[in-house]
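Here's the letter readout for the chains.
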Amino acid sequence: MVSVVKTRSRTPQAQFDELLIWVLAGLIALGFVMVYSSSIATAEANKFTAYQPTYYLLRHGVFICAGLIAGLFAFQVPVQMWQSYAPYLFLLGAALLLLVLVPGIGREVNGSRRWLSLFVINLQPSELMKLVAVLYAADYTVRKGKVGHLFSKAFLPMFAVMSLIGSLLLLEPDMGAIVVICVIALSTLWLGGFNFRVFVGLIVALPLAFAALTILSPYRMQRVIGFMDPWADPYGKGYQLSHALIAFGRGEWFGVGLGGSVEKLFYLPEAHTDFLMAVIAEELGLIGVAAVIVLFALLVLRALQIGRHAAFLERNFSALVAQGIGVWIGVQALINIGVNMGVLPTKGLTLPFLSFGGSGLVVNCVAAAVLLRVDYENRRVARGLPV
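Residues numbered from 1 in each chain as written. Predicted model: local features only at pLDDT ≥ 70, side-chain atom pairs only at ≥ 80, totals over all residues. Heavy atoms only, no water.

**Considerations on the overall build of the protein chain**
For step 1, the next point in the chain: Within the protein chain, the regular secondary structure consists of 13 helices and three strands.
For step 2, the next point in the chain: Residue burial in the protein chain is summarised as follows: out of 387 residues, 46% are buried.
For step 3, the next point in the chain: A separation of at least 24 residues holds for 69% of the contacts in the protein chain among residues at least 6 apart in sequence.
For step 4, the next point in the chain: Per element, the accessible surface of the protein chain, about 18,600 Å² overall, is 69% carbon and sulfur. (Helix = DSSP H or I, 4+ residues; strand = E, 2+ residues; numbered from the N terminus. Buried < 20%, exposed > 50% of the residue type's maximum accessible area, 1.4 Å probe, protein only. Contact = heavy atoms within 4.5 Å. Areas by Shrake-Rupley, 256 points an atom, 1.4 Å probe, with all protein chains shown as cover.)

**Notes on the confidence of the model for the protein chain**
For step 1, the next point in the chain: Of the residues in the protein chain, 85% reach a pLDDT of 70 or more, and the chain-wide mean stands at 85.
For step 2, the next point in the chain: Averaged pLDDT values over the elements of the protein chain bottom out at 43 in helix α1 (residues 2-10) and peak at 96 in helix α11 (residues 276-312).
For step 3, the next point in the chain: Within the model, pLDDT remains below 50 along residues 1-11, and this stretch shows zero contacts once partners closer than five positions in the same chain are excluded. (pLDDT = per-residue confidence, 0-100.)

**Quick word on helix α4 (residues 79-99)**
Helical geometry note: an α-helix holds 3.6 residues per turn, so side chains three or four residues apart project in the same direction.
For step 1, the next point in the chain: Counted at 1.5 Å a residue, the expected span for α4 with its 21 residues is 30 Å, and the 28 Å between its end C-alpha atoms agrees.
For step 2, the next point in the chain: Maximal helix bending in α4 amounts to about 50 degrees, located at Ala-86; proline Pro-87 follows within four positions.
For step 3, the next point in the chain: Turning to α4, its buried residues number three or more, namely Val-79, Trp-82, Gln-83, Ala-86, Phe-90, Gly-93, Ala-94, Leu-96 and Leu-97. (Expected span 1.5 Å × (residues − 1). Bend = angle between axes of the 7 residues up to and from the residue.)

**A few points about empty space enclosed by the protein**
For step 1, the next point in the chain: Throughout the structure, instances matching the rule amount to three cavities of 30 Å³ or more.
For step 2, the next point in the chain: The computed volume of the largest cavity comes to approximately 40 Å³.
For step 3, the next point in the chain: In terms of lining, the largest cavity is formed by Thr-350, Leu-351, Pro-352, Phe-353, Ser-355, Phe-356, Gly-357, Gly-360, Leu-361 and Asn-364. (1 Å grid on protein atoms, 1.4 Å probe; cavity = no way out; pocket = protein on both sides within 12 Å on 5 of 7 lines; lining within 4 Å. Points joined across faces, edges and corners; volume = space filled by probe spheres on them.)

**Brief notes about the sheet that holds strand β2 (residues 112-118)**
For step 1, the next point in the chain: Across the sheet, which stays open at both edges, the three strands sit in the order β1-β2-β3 with antiparallel pairing between neighbours. Where the open sheet ends on each side, the last strands, each with one partner, are β1 (106-109) and β3 (121-123). The mean angle between the axes of side-by-side strands here comes to 50 degrees, regardless of whether they run parallel or antiparallel.
For step 2, the next point in the chain: Summarising the sheet, β2 and β3 pair through three bridges and their orientation is antiparallel. (Pairing = 2+ DSSP bridges. Axes fitted to C-alpha atoms, helices over the stretch in contact; angles between N-to-C directions.)

**Concerning the nonpolar core**
For step 1, the next point in the chain: Among the nonpolar cores identified, the biggest contains 92 residues, and Trp-328, Phe-353 and Leu-354 are the most heavily contacted of them.
For step 2, the next point in the chain: Here this core gets 14 residues from one element, more than from any other, and that element is α11.
For step 3, the next point in the chain: Those residues in contact with Phe-353 that lie beyond four places of it in its chain are Leu-24, Leu-27, Ile-28, Gly-31, Leu-299, Ile-329, Leu-361, Asn-364, Cys-365 and Ala-368. (Core = buried A, V, L, I, M, F, W, Y, C linked by side-chain atoms within 4.5 Å.)

**Side note on the packing of helix α2 (residues 18-45) against helix α3 (residues 55-75)**
For step 1, the next point in the chain: In the contact formed by α2 and α3, the axes pass within 7 Å of each other and the chain directions differ by 150 degrees. Considering their axes alone, α2 and α3 lie roughly antiparallel with respect to each other. Between α2 and α3 lies a crossing whose hand is right-handed. Where α2 abuts α3, its residues Ile-28, Gly-31, Phe-32, Val-35, Tyr-36, Ser-39 and Ala-43 lie against Tyr-55, Tyr-56, Leu-57, His-60, Gly-61 and Ile-64.
For step 2, the next point in the chain: For the contact of α2 with α3, the class distribution of residues is nine nonpolar, four polar and no charged. (Parallel < 35°, antiparallel > 145°, perpendicular 65-115°, else oblique. Left-handed = near helix turned anticlockwise from the far one by under 90°. Nonpolar A, V, L, I, M, F, W, Y, C, P; charged D, E, K, R; others polar.)

**Brief notes about the pattern of salt bridges**
For step 1, the next point in the chain: Under the definition given, this model contains eight salt bridges.
For step 2, the next point in the chain: A salt bridge links Arg-373 to Glu-377, with the nearest nitrogen and oxygen atoms 2.8 Å apart. Of this pair, Arg-373 and Glu-377 both sit in helix α13 (residues 358-382), separated by four residues, roughly a single helical turn.
For step 3, the next point in the chain: Ionic pairing is found between Asp-375 and Arg-379, a salt bridge with its closest N-O pair at 2.7 Å. With a gap of four residues between them, Asp-375 and Arg-379 both fall in helix α13, about one helical turn apart.
For step 4, the next point in the chain: Look at Asp-375 and you get buried, because its relative accessible area is 3%.
For step 5, the next point in the chain: Where salt bridges share partners, they join Arg-315, Arg-373 and Glu-377 into one cluster. (Salt bridge = Lys/Arg side-chain N within 4 Å of Asp/Glu carboxyl O.)

**Overview of the environment of Gly-348**
For step 1, the next point in the chain: Inspection of the secondary structure puts Gly-348 in the loop between α12 (316-341) and α13.
For step 2, the next point in the chain: When the C-alpha atoms of Gly-348 and Asp-174 are compared, they prove to be 7.2 Å apart, with 174 residues separating the residues in sequence.

**Describing the pairing of β2**
Side chains on a regular strand alternate between the two faces of the sheet.
For step 1, the next point in the chain: Summarising the sheet, β1 and β2 pair through four bridges and their orientation is antiparallel. Bridge pairing in β2 places Glu-108 opposite Arg-113.

**Describing α11**
For step 1, the next point in the chain: Given a rise of 1.5 Å per residue, 37 residues ought to cover 54 Å, yet the end C-alpha atoms of α11 are separated by just 38 Å, more than 12% below that figure.
For step 2, the next point in the chain: When the local axis directions of α11 are compared, the greatest deviation, roughly 130 degrees, occurs at Leu-284.
For step 3, the next point in the chain: Glu-314 lies just past α11 and shows a positive phi near 60 degrees.

**Side note on the packing of aromatic side chains**
For step 1, the next point in the chain: As enumerated under the stated definition, the model contains nine aromatic pairs in all.
For step 2, the next point in the chain: Lying over the aromatic face of Phe-75, Arg-373 brings its terminal NZ or CZ to 5.8 Å of the ring centre. (Phe/Tyr/Trp six-rings, centres within 6.5 Å; stacked < 30°, edge-to-face > 60°. Lys NZ or Arg CZ within 6 Å of the ring centre and 35° of its normal.)

**Considering the side chain of Thr-273**
For step 1, the next point in the chain: Position of Thr-273 among the secondary structure elements: in the loop between α10 (239-251) and α11.
For step 2, the next point in the chain: Judged by relative accessible area, which is 10%, Thr-273 ranks as buried.
For step 3, the next point in the chain: A polar contact is formed between the side chain of Thr-273 and the side chain of Glu-270, at a distance of 3.1 Å.
For step 4, the next point in the chain: If we ignore the near neighbours within four places in the chain, the residues touching Thr-273 are Ser-355 and Phe-356. (Polar contact = N/O pair within 3.5 Å; in protein donor to acceptor, adjacent residues only side chain to side chain.)

In structure tokens form, the structure reads like this:
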């Protein structure tokens, strides 16, 4: 019996969350395959891509490599350093959002000015702002913890800052990023123990604000109308959603087979970005959709558990960062899947880790690295080792 106890005590403990690493690897690998499958026809027929069927595949591979390299660097940064630089990173993010609105600097695509041209790639500051919002909201909540019951001192400063960021995003416009960043900020304050009365006004004010923004913007109103009944105008307002629903219907249980999608053949717009989930549904069926949902559910669950472990170790900033990343990824994935299934109005949000897009994928990899760093430090602190 004694020998068994000694053997167990000498068993090395894992330094990393292996389940989380496998989940992230599964999402990135599936995205790599599906981006190629969904984009091959578009790339082959487009002179912009030089009629190369592997154009998006190669670029997505480069983005994955860049994301993994950025993630490796981010993992080396102690969480305490992220906390120290959170306000400065927030100011940098706000400056980039302002810079993208300057004519001649910001790049406009399809009526939206969301990108900064860096010659080789385009940087989308709103994607970076999501990670920065997690770090800043966590740092703010820790600093304001003692006055969390006071509306004026705890909530109003954060409300003012988020209103500024929301205004800049609204000018791009990027309504999807506004929703995600607002959810990140509010959930962080809630998880940080701020008084419930602080949120009562928001429960009423935010839906009214989004309703007003929708009514006052003709193109947003058209999206809502198309969402309510896409079949009323399947060649106009309901074009994207109607073809996404057709893709889901064709997929049935097991899909039509990898590469067999019809909707990606110039019917479904943005098949390799915003509507990648519809192609997954058509080619891999309900089984493929369920697999994606399970992977995201595991990622969010592990993020919340890592945050809870950090809170148990009284590492409050780390706890809020881990939980904030989980909320961010979970909400963005939920919105994207909901849009593809016709449950939510169309938003310009990609599917984290899967959709084509350099800025989003690199920032997602950095966020995953920060989450793994929080878990790594939790394990070392629990064993009495320095971080």
